[in-house]
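A look at the structure
Listed here are the chains, written in short residue letters.
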Amino acid sequence: MKARFTPWWHLAVALLLGLLAGGFLEFLTEQANIYLLGVPWFISVILLLVGCIILWFAWQVRRYAKGDRKEINPQQAVNTLIMSKALSLACSALTGWYGGQLLLSLPHVQIEYYRSAVIQCAIAIAVCIADVIFGIVGERWCRRPPSPGPEHPETKRKAAHKKRRARAVGESNVRRA
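Residues numbered from 1 in each chain as written. Predicted model: local features only at pLDDT ≥ 70, side-chain atom pairs only at ≥ 80, totals over all residues. Heavy atoms only, no water.

Take the environment of Y64 next. Turning to its location among the elements, Y64 is positioned in helix α2 (residues 41-66). Considered as a pair, Y64 and A77 are 13 residues apart in the sequence and their alpha carbons are 9.6 Å apart. In contact with Y64, not counting residues within four places along its chain, are R69, K70, E71 and I72. (Helix = DSSP H or I, 4+ residues; strand = E, 2+ residues; numbered from the N terminus. Contact = heavy atoms within 4.5 Å.)

Put into C-alpha cells, the structure is as follows:
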C-alpha cells in the first residue's frame, strides 16, 4: 500500500463542512435561546500543543530520512504520518466550525457574550490554521527519500564500479597462481 499526500480539496471540503456545521449551530442556538458559542481557552492551547508535538515527531522522521539520525522505529514513522494527516483534516474542519460561529456572531458583537465568543473563535481559528500548516508540513517531512531503481545513474555507476573491482580482484588472484 502506498501512502499518498492529502489532496488540497480534502482540506477544503472539511473546511466547508465545518463552516456549514458551525454556522448551523449558531443559527440553532440563536433560535432556541441556548448559547453554546465560543471555545474554551484551554482548547486552543491544547490544539497548539498537539500540533507542535506532531510537528516535532515529523521532524524526527525527517532527520532519519536525511541521514541525520541513525535509526527510528518504523511504527513511529507511520504513526507520525497518520497523525499529521489527521491533524490537518481535523483542524480544517475546526477552522470552518469556528469560522461559521464567528461569521454569524459578528452582527451581535456589541453584546458582551458575543464579543467574547468572537475573540475566542478568532484565536481558535488562528491556532487551527497553524495546525493545518503543521499537519501539511509534517506529512511532507514523513516522505521517504526516493529509492533509485536499476535504471538510475547512481545505481548503474555503483554496479559498474563493483564489476571493475571484481575483475581487478580476479586478475590479481590469477597473477598470484
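Still more to cover.
Moving on: the side chain of D131. Tracing the backbone through its elements, the reader meets D131 in helix α4 (residues 112-141). Notably, D131 is buried but unbridged: the nearest opposite-charge side chain belongs to R140, and the N-O separation is 17 Å. When residues no more than four places from it in sequence are discounted, the contact partners of D131 are L47, L48, G51, L87 and C91. (Buried < 20%, exposed > 50% of the residue type's maximum accessible area, 1.4 Å probe, protein only. Lys, Arg positive; Asp, Glu negative; His and termini not counted. Salt bridge = Lys/Arg side-chain N within 4 Å of Asp/Glu carboxyl O.)

As a further point, take the nonpolar core. One recurring pattern in soluble globular proteins: nonpolar side chains tend to sit buried together. L47, L87, C91, Y98, L102 and C128 are the most contacted members of the largest nonpolar core, which has 16 residues in total. Of all elements in the fold, only α2, α3 (74-105) and α4 reach the threshold of two or more residues within this core. It is α4 that contributes the most residues to this core, eight residues altogether. Among all residues touching L47, those that are not within four sequence positions of it are C91, L94, V127, C128 and D131. Ranked by size, the runner-up nonpolar core spans six residues in total, among them V61, A77, L81 and C142. (Core = buried A, V, L, I, M, F, W, Y, C linked by side-chain atoms within 4.5 Å.)

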